[in-house]
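Fold and geometry: a report
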Amino acid sequence: MDKIPRKGSGIPPSLEGRAAWIGEQQQLGGEAQLAGHLALLGQAILASNSEESDEGGGGGNQPPKKKLRSSTCSALPSNNMQQQQATTAKNGCSSKDANNGNKSDDGSPTESLYGLKDVDGVVGGIKHGLLNSDVDQSFAELDGLIQPKTVSKTDQEIVRIIGQHLTSIGLHRSAEVLMQESGCRLDHPAAAKFCQHVMDGDWNKAEMDLSELKNVLVCPQNLVEMKFLLQEQKYLECLEDGRVMEALNVLRHELTPLGHNVVRVHELSGFMMCSTGEELREIARWQGKGQVSRGALMERLQRFLPASIMLPPRRLHTLLTQAVDSQKERCPYHNVKSNAPFDNVSLLSDHLCSKDQLPLETWQILNDHCDEVWFCRFSPDGTKLATGSKDTTVMIWNVDPDNCSLTHLKTLEGHSYGVAYLSWSPDSSHLAACGPDDCPELWVWQVETGQLRVKLSHASEDSLTSCSWHPDGRRFVAGGCRGQFYLCDLEGNVLESWEGVRVQALAWKTDGKTVLAADTHHRIRGYNFDDLTDCNILQEDHPIMSFTVNSTGRLALLNVATQGVHLWDLQDRILIRKYQGLTQGFYTIHSGFGGLGQEFIASGSEDHKVFVWHIRRELPLATLTGHSRTVNCVHWNPRWPHLLASASDDGTVRLWGPSQECRTAAAASTPATTTNNTAAAPGSAATNHSSGSPKPSSNSGHPTFIGGASNGS
């Protein structure tokens, strides 16, 4: 076994002598033997450096030099290796930089990425002026002989993505070392040169670069679009600099002849009238000359280049965002809004929420109604809750999302048959109230003033038990189980009617043309009041007690007698899912979509419980207890997904919310509630009220409005 060569062992001390020695060893022993000699040489230099430190240089007065990290030296690149590098260049990876070899734009030789190497945390190389001694320089040169590692295509892509991210956060030297060691290059030389010219504002060279890249464009027709974007930036920068004639020349002789986006060309010509750069930037919605606007331009241009030539902008951020979004989508409990993709998320572990984010705890019990509460509904803007009761009143509550609490706003009285259904107008300004099966009246209230806008009673034998607003908020439809089906305006005028349709529930589609109606034949049909046409949408085998449609208008949630809750796709007209757990007989129970992105479903039940499901899971995520009689209706707040309300025959309305952080904040900032707005501990039982008990006197001080006294009756 060869001993470690020391000083005077035949290895020349100078760099030139060592290079000649390496050549001789290669001729004598070939690459395999040379690798061994190089390893011995590295150890010799370490030993030589140690001896020199001990023997000279001031003895022990100077601190010892920091030891270099050991390196493994390999042979010079062979012909096969060079061929391999040429092959990887075609795939977008190479050890050479954006100058396409070892020459710069002016023809002068430049250093290859091989000239950079991390030696004890410092990037070495004469180019950076970071060498502290001849020993460091020797190792930097020896390290330059290391062949780049052969990596798979997937690994090459990962390296490039990491290199792009390092560059974007300013770690340029780290990115260069990564590219050097892996043998990859960040972008194709032509693309890198194009990017540099764009960022430098050298528009003529940038356009020349496009001629080199046109054969690799995703779509050759995009060449004109790329030229247009370049000249547009050039034109705007000329205008900002006050070079009006040059800008005019660009407009006439470079932009217009492209024959592309004529409307934009006319818009650009109008910018000539701007008197200042500030006015130009404001009108053009442009950041102004500089790295910001050019960077934005480069991002637009990159979309036309294949990823093998130039990576899409912020590729790592995009991939991580997609991964986090996918994990959130698969998380059965995720119910928290975030302003940025990585808010409240760690990339070090998979995302999985706890149930605490869901509204599973009772935050408040409302006892103000003195009889069964049949319906509850948050306003579209989420700021109010309306509750309807057998006690003939509608109560409006203000929503405090921070404290998860409700405060009484006003009471609307005079519904002699009781209130079994409520519908808010899209702008939350009006509220329509319907009664039970034998009620021929429909009431429309102005919520802000508490005044009755109109009381609709077309015929005494009518039954108006359901209604739905047109998306424009100026019309609504109403119907009932006795065959009435009307289209009305806000003055109560019947604009159109459909005879013989026994309506169980109504919903206006988002297109504003079709009304969905569940009838007594266990089906949902679509009715168009413009051309008086109708069509069958879906058919159930049992009575449809109620239904609701999600915000997209694509999905419908049906409460089906003796069957439970069914989810239908209205577009494909197929049954998607049957949710399990609840008890659904022939009582009218209202379920609903809700939570973040309407990814959750909740429904009341005849067994006094509230059930919560994820929309893609048939088994319930949670069962909420506290009510003592049938839960008739539940509704999610459309604005704050952590709030859920439920109404029950026990005479109470419960507000459900999450635990932990929200509860802690509420305990610190919410004052003690009144007797009839009881703050409940999590999981506490509801307070029972007899149906015949007198109305609580605590409503004194709250405005009460009597419908019969209104001029609109």
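Residues numbered from 1 in each chain as written. Predicted model: local features only at pLDDT ≥ 70, side-chain atom pairs only at ≥ 80, totals over all residues. Heavy atoms only, no water.

Looking at an unreviewed UniProt entry, the chain carries the name CTLH domain-containing protein, with the source organism given as Daphnia galeata.

1. Let's talk about the sheet that holds strand β18 (residues 523-528)
Across a sheet, strands are paired by hydrogen bonds formed along the backbone, either parallel or antiparallel in direction. Defined as follows: Being paired, for any two strands, means DSSP has found at least two bridges between them. For helices the rule is a DSSP run of H or I covering at least 4 residues; for strands it is a run of E covering at least 2, with both sets numbered from the N terminus onward. Angles shown run from 0 to 180 degrees and are taken between the N-to-C directions of axes, each axis being a line fitted to C-alpha atoms and, for helices, limited to the stretch in contact.
Ordered by their spatial adjacency, 4 strands build an open sheet running β16-β17-β18-β19, and the pairing between neighbours is antiparallel. Each edge of the open sheet carries a strand with a single partner, namely β16 (503-508) and β19 (533-539). Here the average twist between neighbouring strands, direction ignored, is 25°. Two elements, β18 and β19, share 6 bridges in a ladder whose sense is antiparallel. Bridging across to β19, isoleucine 524 finds its partner in leucine 538.

2. Here's the deal with the pairing of strand β15 (residues 494-497)
The pairing of strand β14 (residues 485-489) with β15 spans 3 bridges and is classified as antiparallel. Note on β15: the bridge partner recorded for cysteine 488 is valine 494. Hairpin remark: β14 followed by β15, antiparallel, with 4 residues in the connecting loop; positive phi at glycine 492, about 90°.

3. Some remarks on the pairing of strand β30 (residues 653-657)
Each regular strand shows side chains that alternate between the opposite faces of the sheet. Put simply, the test is: Residue burial is assigned from relative accessible area. The probe radius is 1.4 Å, only protein chains are included, and a residue is buried under 20% of its type maximum, exposed over 50%, and partly exposed in between.
Counting buried positions along β30 gives 5 out of 5 residues, so the element sits mostly inside the fold. Neither face of β30 is exposed, since Val653, Leu655 and Gly657 on one face and Arg654 and Trp656 on the opposite face are all buried. Note: strand β3 (residues 361-366) against β30, 5 bridges, orientation antiparallel. Looking across to β30, one finds that leucine 366 is bridged to valine 653. As defined by bridge partners, strand β29 (residues 644-648) adjoins β30 across 4 bridges and the pair is classed as antiparallel.

4. What to know about the nonpolar core
This is how the line gets drawn: What is meant by a nonpolar core is a set of buried Ala, Val, Leu, Ile, Met, Phe, Trp, Tyr and Cys residues, joined one to another through side-chain atoms within 4.5 Å.
Residues Leu385, Val394, Ile396, Leu422, Leu431, Leu442 and Val444 are the most contacted members of the largest nonpolar core, which totals 47 residues. Of all the elements, strand β6 (residues 394-400) adds the most residues to this core, at 5 residues. With 21 residues, the next largest nonpolar core counts Ala191, Leu217, Leu229 and Met310 among its residues.

5. Comments concerning the pattern of salt bridges
Put simply, the test is: One speaks of a salt bridge when a side-chain nitrogen belonging to Lys or Arg is within 4 Å of a carboxyl oxygen belonging to Asp or Glu.
Inspection of the entire model under this criterion finds 23 salt bridges. A salt bridge links glutamate 254 to lysine 234, with the shortest nitrogen-to-oxygen separation between them at 3.4 Å. Of this pair, glutamate 254 sits in helix α9 (residues 244-255) while lysine 234 sits in helix α8 (residues 222-240), and the two are 20 residues apart along the sequence. A relative accessible area of 22% means that glutamate 254 is categorised as partly exposed. Under the relative-accessibility criterion, lysine 234 is labelled buried at 10%. We note a salt bridge from lysine 289 to aspartate 241, for which the minimum N-O separation is 2.9 Å. Of this pair, lysine 289 sits in the loop between α11 (277-284) and α12 (291-302) while aspartate 241 is found in the loop between α8 and α9, placing the two residues 48 residues apart along the sequence.

6. Thoughts on α9
Put simply, the rule reads: This arc is taken over the directions from the axis of the helix to the C-beta atoms. Should any heavy atoms of two residues lie within 4.5 Å, those residues are considered in contact.
Within the span of α9, buried status applies to Ala247, Val250, Leu251 and Leu255. On an axial view of α9, the arc spanned by its buried residues comes to 95°, and they lie on one face. Exposed residues pointing more than 90 degrees away from the buried face of α9 are listed as Met245, Arg252 and His253. Here the buried face of α9 lies against α8 and α10 (262-270).

7. Observations regarding the environment of phenylalanine 593
Relative to the helices and strands, phenylalanine 593 resides in strand β24 (residues 592-594). Exposure remark for phenylalanine 593: the relative accessible area of 7% places this residue in the buried category. As a C-alpha pair, phenylalanine 593 and leucine 555 span 38 residues in sequence and 9.5 Å in three-dimensional space. The residues touching phenylalanine 593, leaving out its near neighbours within four places in the chain, are Thr548, Val549, Asn550, Leu555, Ala556, Leu557, Leu567, Gln598, Phe600, Ile601, Ile615 and Trp636.

8. Side note on the UniProt feature "repeat: WD" (unreviewed entry) in the chain
The condition that has to hold: UniProt positions are given in the numbering used here, feature names are shortened, and annotations may be inferred rather than shown by experiment.
UniProt records the feature "repeat: WD" (unreviewed entry) at residues 366-407, 412-443 and 624-656, using the numbering of this structure. For the annotated span residues 624-656, helix accounts for 0% and strand for 48% of the residues, and the straight-line distance between the end C-alpha atoms is 9 Å.

9. Focus on unusual backbone geometry
Of note, arginine 285 is a non-glycine position whose phi angle comes to about 50°, a positive value. Mapped onto the fold, arginine 285 is located in the loop between α11 and α12. Not every positive phi belongs to a glycine, and serine 428 is a case in point at roughly 65°.

10. Some words on helix α4 (residues 153-168)
Which entries qualify depends on this criterion: A helix's residues, less one, multiplied by 1.5 Å, set its expected span.
A rise of 1.5 Å per residue sets the reference length of α4, with its 16 residues, at 22 Å; its end C-alpha atoms lie 23 Å apart and thus fit the reference within 8%. Looking one or two places after α4, you find glycine 170, whose phi comes out positive at around 90°.

11. Considering the side chain of serine 182
To keep it simple, the criterion reads: Any pair of N or O atoms that falls within 3.5 Å is considered a polar contact. Within protein, one atom must be able to donate a hydrogen and the other to accept it, and sequence-neighbouring residues count only if both atoms are side-chain atoms.
The residue serine 182 is located in helix α5 (residues 172-182) in this model. Since its relative accessible area comes to 9%, serine 182 is described here as buried. From its side chain, serine 182 meets the backbone oxygen of methionine 179 in a polar contact 3.3 Å long.

12. Structural notes on the side chain of histidine 614
For histidine 614, the location among the structural elements is in strand β26 (residues 610-614). In this structure, histidine 614 is in contact with Glu329, Cys331, Pro332, Tyr579, Glu599, Phe600 and Leu621, ignoring residues within four places of it in sequence.

13. A short note on the packing of aromatic side chains
The following threshold applies: Ring geometry is summarised as follows: Phe, Tyr and Trp rings, the Trp one being its six-membered ring, pair when their centres sit within 6.5 Å, and such pairs are stacked at plane angles under 30 degrees, edge-to-face over 60 and tilted between the two.
Summed over all chains, the structure comprises 10 aromatic pairs. On the basis of an interplanar angle of 90° and a centroid distance of 5.6 Å, the ring pair of tryptophan 498 and phenylalanine 529 is categorised as edge-to-face. Note that tryptophan 498 is positioned in the loop between β15 and β16 and phenylalanine 529 in the loop between β18 and β19, a separation of 31 residues in sequence. As far as the burial class goes, tryptophan 498 and phenylalanine 529 line up, both buried. With a centroid separation of 6.0 Å and an interplanar angle of 20°, the aromatic rings of phenylalanine 611 and tryptophan 613 are classed as stacked. By relative accessible area, which is 0% here, tryptophan 613 ends up buried. An aromatic cluster is defined as three or more aromatic residues linked by ring pairs; in this entry it consists of Phe485, Trp498, Tyr527 and Phe529.

14. Remarks on the sheet that holds strand β27 (residues 622-624)
In spatial order, the strands read β24-β25-β26-β27; together these 4 strands make up an open sheet with antiparallel pairing. Each of the sheet's edge strands pairs with one partner strand only, and the pair in question is β24 and β27. When strand polarity is set aside, the average angle formed by the axes of neighbouring strands in this sheet is 25°. In this sheet, β26 lies alongside strand β25 (residues 600-604) in antiparallel orientation, the contact comprising 5 bridges. Paired with glycine 604 across the strands is valine 610, a residue of β26.

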